[in-house]
Amino acid sequence: MHNSEKEKIELEHQAAKLFMRCYERNTGKHIRHIWHNDPIRPDVSCMLEGERLDLEIAHLYGSEEEAMEILGRDLTPITRNVLRSLKEEPADERLLRSLNKILENKSSKQYDSKRVWLVIRNTHPAWSQADIKALEHLITIPVPHAFEKVWILGDIEGKSGIVRLYP
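For the structure given in this document, a descriptive report is provided here. (Residues numbered from 1 in each chain as written. Predicted model: local features only at pLDDT ≥ 70, side-chain atom pairs only at ≥ 80, totals over all residues. Heavy atoms only, no water.)

For the rest of this paragraph, the subject is the pairing of strand β3 (residues 51–60). Within β3, 8 of the 10 residues are buried, which leaves it mostly tucked inside the rest of the structure. In this structure, strand β2 (residues 44–48) lies alongside β3, joined through 5 bridges in antiparallel fashion. Across the sheet, residue Ser45 finds its bridge partner in β3, namely Asp54. Linking two consecutive strands that pair antiparallel, namely β2 and β3, is a turn of 2 residues; a positive phi of about 45° is found at Glu49 within it. (Buried < 20%, exposed > 50% of the residue type's maximum accessible area, 1.4 Å probe, protein only. Helix = DSSP H or I, 4+ residues; strand = E, 2+ residues; numbered from the N terminus. Pairing = 2+ DSSP bridges.)

A few words on the sheet that holds β3. Overall, mixed pairing links the 6 strands, which are arranged β1-β2-β3-β4-β5-β6 in an open sheet. Where the open sheet ends on each side, the last strands, each with one partner, are β1 (31–36) and β6 (162–166). Neighbour-to-neighbour, the strand axes of this sheet turn through a mean angle of 30°, independent of strand direction. As judged from the 5 bridges shared by strand β4 (residues 116–122) and strand β5 (residues 149–153), these two strands associate in the parallel manner. Along β5, the bridge assignment pairs Ile120 with Ile152. The strands touched by helix α1 (residues 3–27) within the sheet are β1, β2, β3, β4, β5 and β6, with β1 carrying the most contacts at an inclination of about 170°. (Axes fitted to C-alpha atoms, helices over the stretch in contact; angles between N-to-C directions. Contact = heavy atoms within 4.5 Å.)

Summarising the element assignment, Pro42 is placed in the loop between β1 and β2. C-alpha of Pro42 to C-alpha of Asp112: the two residues are 70 residues apart in sequence and 7.8 Å apart in space. Each residue touching Pro42, except ones within four places of it in the same chain, is listed here: Asn37, Asp54, Leu55, Glu56, Tyr111, Ser113 and Val116.

Next up on the list: the pattern of salt bridges. Should their charged atoms come close, side chains of opposite charge can pair. This model, assessed by the stated rule, comprises 12 salt bridges. One salt bridge in this structure joins Glu51 and Arg115, with 3.8 Å as the shortest N-O distance. With Glu51 in strand β3 and Arg115 in the loop between α4 (91–107) and β4, the pair connects residues that are 64 residues apart, well separated along the chain. For Glu51, a relative accessible area of 48% gives the class partly exposed. Of the charged contacts, one joins Glu157 and Lys159 as a salt bridge, the two residues approaching to 2.7 Å between their closest N and O atoms. Owing to a relative accessible area of 69%, Lys159 belongs among the exposed residues under this scheme. (Salt bridge = Lys/Arg side-chain N within 4 Å of Asp/Glu carboxyl O.)

This is the structure:
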């Protein structure tokens, strides 16, 4: 397994754990046991009140260049220039565009699963749960899609909790 694949799985597990903690705190329902799945299944499976639930995990970075910055990569001069120009664009427009792009990409996928929730983890330090809530009415979730529910973790550490985007 490559380091990038290991890192991806680690990020997915962190996001799933944070989501499960927030969900349990909000609802009082027990959600436990994480295991990783093969690509035809959603990323992570867990047990929600004794029933299997699959979680498809996505990370909201803004752009590839911002992902590199957030993940602490060495940045080339070209990447730095892209980041500079991105910072001039209104943050809420970039948030909405990035979020809608994830939803569009994920909605076209099919999963070998009875129940799938999409969990999007916001990693961008400039965007907050409040920003996401303010744009809720503009978020487009394409139909059809495979998700019973769509959630977003408001920040990288899950401190601001979760917001349900669908239904």
